[in-house]
Amino acid sequence: MTLVAEPSDRVRTLLWLRGLTTVAWADGHLDDEEREIITSLTHETLDPEAILEPLTPEELAAELGGDPHHADNFLRTAVMVAIADGIYSDSEDQLIRQFSAALGRNIPAFEALQQTLNCAEPIQPHPDPHRGDVLNPVRHWLDGLEIHNPKVAHFLCKMIPAQCPFERDVIVFGRKLAHIPPMCKLNPLYDQLMGLRFRALSYLADDCGEDITPYC
């Protein structure tokens, strides 16, 4: 597992959060819950409106372009935010690839991710037995992420649910219209998301001495 430091100063932290917010908003919608998450992260040290300002690939490259370790770590967190809801959209894929190109990073895992995820449907949970699990490169790459910035850790803990959402039936006028499976069965990268959330919580508790009970 690669241990890499994340942004430590205010400017880089703001840029990092702007980038993750830009990915979260790549589908053109930022709901009230997502806005509340962003606002709660700022406290009195960062301007929430500044975090909501979209980040351009050029701005990202100017700050992280000369540091491949930070660049790769940012791209890992961006992918995690994109897949947190079980859907990897075309707009998210295009934006992350633009970020990657601007940073001069060639990430082979992106090709496996794009081949496996349908941009209009939930992630398929079962690999093709004749091809093997083509998501393994993505899993290994994402598992290389470590957290070393409290605000990024808070962002991830808030964006990733504390537990697998329960399966449920969609009932309208007393008739069952659809059945939604639990996220852990719908998203084959769910274990990577949970692992990232656990590492973020451990960092906040062990390294920062924070009370993490609100996230549990």
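Quick note: structure is the one above.
Residues numbered from 1 in each chain as written. Predicted model: local features only at pLDDT ≥ 70, side-chain atom pairs only at ≥ 80, totals over all residues. Heavy atoms only, no water.

## Considerations on the overall build of the chain
Consideration 1: Per the secondary structure count, the chain includes 11 helices and 2 strands.
Consideration 2: In sequence order, the secondary structure elements of the chain are arranged as α-α-α-α-α-α-α-α-α-β-β-α-α.
Consideration 3: Scored against the burial criterion, the 216 residues of the chain give a buried share of 46%.
Consideration 4: Taking the intrachain contacts of the chain between residues at least 6 apart in sequence as the baseline, contacts between residues at least 24 apart amount to 76%.
Consideration 5: Working note: accessible area of the chain is about 11000 Å², and carbon and sulfur atoms make up 54% of it. (Helix = DSSP H or I, 4+ residues; strand = E, 2+ residues; numbered from the N terminus. Buried < 20%, exposed > 50% of the residue type's maximum accessible area, 1.4 Å probe, protein only. Contact = heavy atoms within 4.5 Å. Areas by Shrake-Rupley, 256 points an atom, 1.4 Å probe, with all protein chains shown as cover.)

## Focus on the packing of helix 4 (residues 57-64) against helix 6 (residues 90-102)
Consideration 1: Running from amino to carboxyl end, helix 4 crosses helix 6 at an angle of 40°, the nearest separation of the two axes being 8 Å. Comparing their axes, helix 6 and helix 4 come out oblique. Between helix 4 and helix 6 lies a crossing of right-handed hand. From helix 4, P57, L60 and A61 reach across to helix 6, where they touch Q98, F99 and A102.
Consideration 2: For the contact of helix 4 with helix 6, the per-class residue count stands at 5 nonpolar, 1 polar and no charged. (Axes fitted to C-alpha atoms, helices over the stretch in contact; angles between N-to-C directions. Parallel < 35°, antiparallel > 145°, perpendicular 65-115°, else oblique. Left-handed = near helix turned anticlockwise from the far one by under 90°. Nonpolar A, V, L, I, M, F, W, Y, C, P; charged D, E, K, R; others polar.)

## Examining the nonpolar core
Consideration 1: Ranked by internal contacts, the top residues of the largest apolar core, which has 53 residues, are F74, L75 and I96.
Consideration 2: Sort the elements by how many residues they give to this core and helix 5 (residues 68-83) lands first, with 9 residues.
Consideration 3: Once residues within four sequence positions are removed from consideration, F74 is found in contact with W16, G19, L20, L60, L64 and F99. (Core = buried A, V, L, I, M, F, W, Y, C linked by side-chain atoms within 4.5 Å.)

## Section: the pattern of salt bridges
Side-chain pairs of opposite charge can arise whenever the charged atoms involved come near each other.
Consideration 1: Taken as a whole and judged by the stated rule, the model has 6 salt bridges.
Consideration 2: The shortest N-O distance in the salt bridge between R18 and E53 comes to 4.0 Å. Placement of R18 in helix 1 (residues 10-24) and of E53 in the loop between helix 3 (48-51) and helix 4 is noted, with a sequence separation of 35 residues between them.
Consideration 3: We classify R18 as buried; its relative accessible area is 9%.
Consideration 4: In this structure, R97 and E111 form a salt bridge, with 3.1 Å as the shortest nitrogen-oxygen distance. You can see R97 sitting in helix 6 and its partner E111 sitting in helix 7 (residues 108-116), a full 14 residues away along the chain.
Consideration 5: The exposure class of E111 is partly exposed, given its relative accessible area of 38%.
Consideration 6: One connected set of salt bridges, linked through shared partners, spans R18, E53 and E59. (Salt bridge = Lys/Arg side-chain N within 4 Å of Asp/Glu carboxyl O.)

## Structural notes on the packing of aromatic side chains
Aromatic ring pairs: the centre-centre distance and the angle between the two ring planes describe each pair.
Consideration 1: Scanning the model with the defined rule gives 3 aromatic pairs in all.
Consideration 2: With centroids separated by 5.7 Å and ring planes inclined at 75°, the aromatic side chains of F74 and F99 adopt a geometry described as edge-to-face. Here F99 lies in helix 6 and F74 lies in helix 5, a separation of 25 residues in the sequence.
Consideration 3: One aromatic cluster in this structure is built from W16, F74 and F99. (Phe/Tyr/Trp six-rings, centres within 6.5 Å; stacked < 30°, edge-to-face > 60°.)

## Some remarks on helix 11 (residues 190-207)
Consideration 1: End to end, helix 11 covers 25 Å across 18 residues, agreeing with the expected 26 Å (1.5 Å per residue, within 8%).
Consideration 2: For helix 11, the complete set of buried residues consists of Y190, Q192, L193, L196, R197, R199, A200, L201, Y203 and L204. (Expected span 1.5 Å × (residues − 1).)

## As for helix 5
Consideration 1: Along its 16 residues, helix 5 runs 23 Å from first to last C-alpha, staying within 8% of the 22 Å computed at 1.5 Å per residue.
Consideration 2: With a side-chain oxygen lying 3.2 Å from the backbone nitrogen of H69, the N-terminal cap of helix 5 falls on D67. (Polar contact = N/O pair within 3.5 Å; in protein donor to acceptor, adjacent residues only side chain to side chain.)

## Description of the packing of helix 1 against helix 9 (residues 150-159)
Consideration 1: The geometry of helix 1 relative to helix 9 is characterised by a closest axis approach of 10 Å and an angle of 20° between their N-to-C directions. As the angle between them shows, helix 1 and helix 9 are arranged roughly parallel. In the packing of helix 1 onto helix 9, the handedness of the crossing is right-handed. Only K151, V152, F155 and M159 of helix 9 make contact with helix 1, whose side of the interface consists of T13, W16, L17, L20, T21 and A24.

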